[in-house]
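An overview of the molecular structure
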Amino acid sequence: AKGMSGPGELRGWGVLEAHLNTLTRMQSEQDYASKAFRSGVPSGLIRVKDPDLQEGTDEDPPGTYTAKGIKKKWRSDVLTGEPAVLSELIDYEPIAWTPKDAQMVEARQLSLTDIANCYNLDAYWLNAPSTSMTYQNVQTASMQLSRFTLGPWITALEAQFSRLLVRGQDARFNRDSILRDDTATRYGNYKTGLDGGWLTLPEVRAAEG
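So, a few notes on the structure that sits alongside this text. (Residues numbered from 1 in each chain as written. Predicted model: local features only at pLDDT ≥ 70, side-chain atom pairs only at ≥ 80, totals over all residues. Heavy atoms only, no water.)

1. Brief notes about the pattern of salt bridges
- Tallied over the full model, the rule gives 7 salt bridges.
- Of the charged contacts in the structure, one is a salt bridge between aspartate 91 and lysine 49, with a shortest N-O distance of 3.2 Å. With aspartate 91 in strand S2 (residues 90-94) and lysine 49 in the loop between strand S1 (44-48) and helix H2 (67-80), this residue pair connects regions lying 42 residues apart in the sequence.
- The exposure class assigned to lysine 49 is partly exposed, which follows from its relative accessible area of 48%.
- Two residues, lysine 191 and aspartate 195, come together in a salt bridge whose shortest N-O distance is 2.9 Å. In this pair, lysine 191 and aspartate 195 are both assigned in helix H8 (residues 183-196), 4 residues apart and thus about one turn of the helix distant. Judged on exposure class, the residue lysine 191 and its partner aspartate 195 are both exposed.
- Within this structure, Arg180, Arg186 and Glu208 form a network of salt bridges that share partners. (Salt bridge = Lys/Arg side-chain N within 4 Å of Asp/Glu carboxyl O. Helix = DSSP H or I, 4+ residues; strand = E, 2+ residues; numbered from the N terminus. Buried < 20%, exposed > 50% of the residue type's maximum accessible area, 1.4 Å probe, protein only.)

Structure below.
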């Protein structure tokens, strides 16, 4: 948009600036998610009702009736999948993630959608949340990838490569590997071409390698 500060000046965000802002936010989410298990909130609370319980030392073996020993025993049982045995003097209370931490999963899924938007990709390719694709198969998805995602970049590169060639020659990318149909569809198209007379058997063999 044209700005109000000076004649001809613009205000707003460019495409690259908007994408860089998105990537910066995603990096912040990544840093926060990596520290989610080190946020100071324990996984659970072991409440011992014995008033004479001692803190113990780090050398106490698991199972020792001290705070250190009980914690080691509980941790080893969790890691090995063993059932926990608690006495009447010990209660365990699991502590779940805060709602803020739980929403991080949804934020990470939104980040995948942001990446797809940055590169003009269909969310299907990044396993990001997307709408129903009932009437779209792999072939149509590949056509969209070639036309809308790779197309602008391929066109620019083809133009630059063509400038390096002699006059009258153009460079073109071979997109057959992206747009290649499944075997049954290819064979059906070959049969149609052979029956119509505009395709020969050697050409079919060459196309199939």
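2. Some points on H8
- In this model H8 runs 20 Å from its N-terminal to its C-terminal C-alpha over 14 residues, within 8% of the 20 Å that 1.5 Å per residue would give.
- Taken as a whole, H8 has its buried residues at Arg186, Tyr190 and Gly193. Projected onto a plane normal to the axis of H8, the buried residues spread over an arc of 65° and lie on a single side. Summarising the geometry of H8, the exposed residues directed more than 90 degrees from the buried face are Ala184, Lys191, Thr192, Asp195 and Gly196.
- The secondary structure elements touched by the buried residues of H8 are helix H9 (201-207).
- The opening residue of H8 is aspartate 182, an N-cap whose side-chain oxygen sits 3.3 Å from the backbone nitrogen of alanine 184.
- Two residues or fewer after H8 comes glycine 197, characterised by a positive phi angle close to 85°. (Expected span 1.5 Å × (residues − 1). Arc of directions from axis to C-beta. Contact = heavy atoms within 4.5 Å. Polar contact = N/O pair within 3.5 Å; in protein donor to acceptor, adjacent residues only side chain to side chain.)

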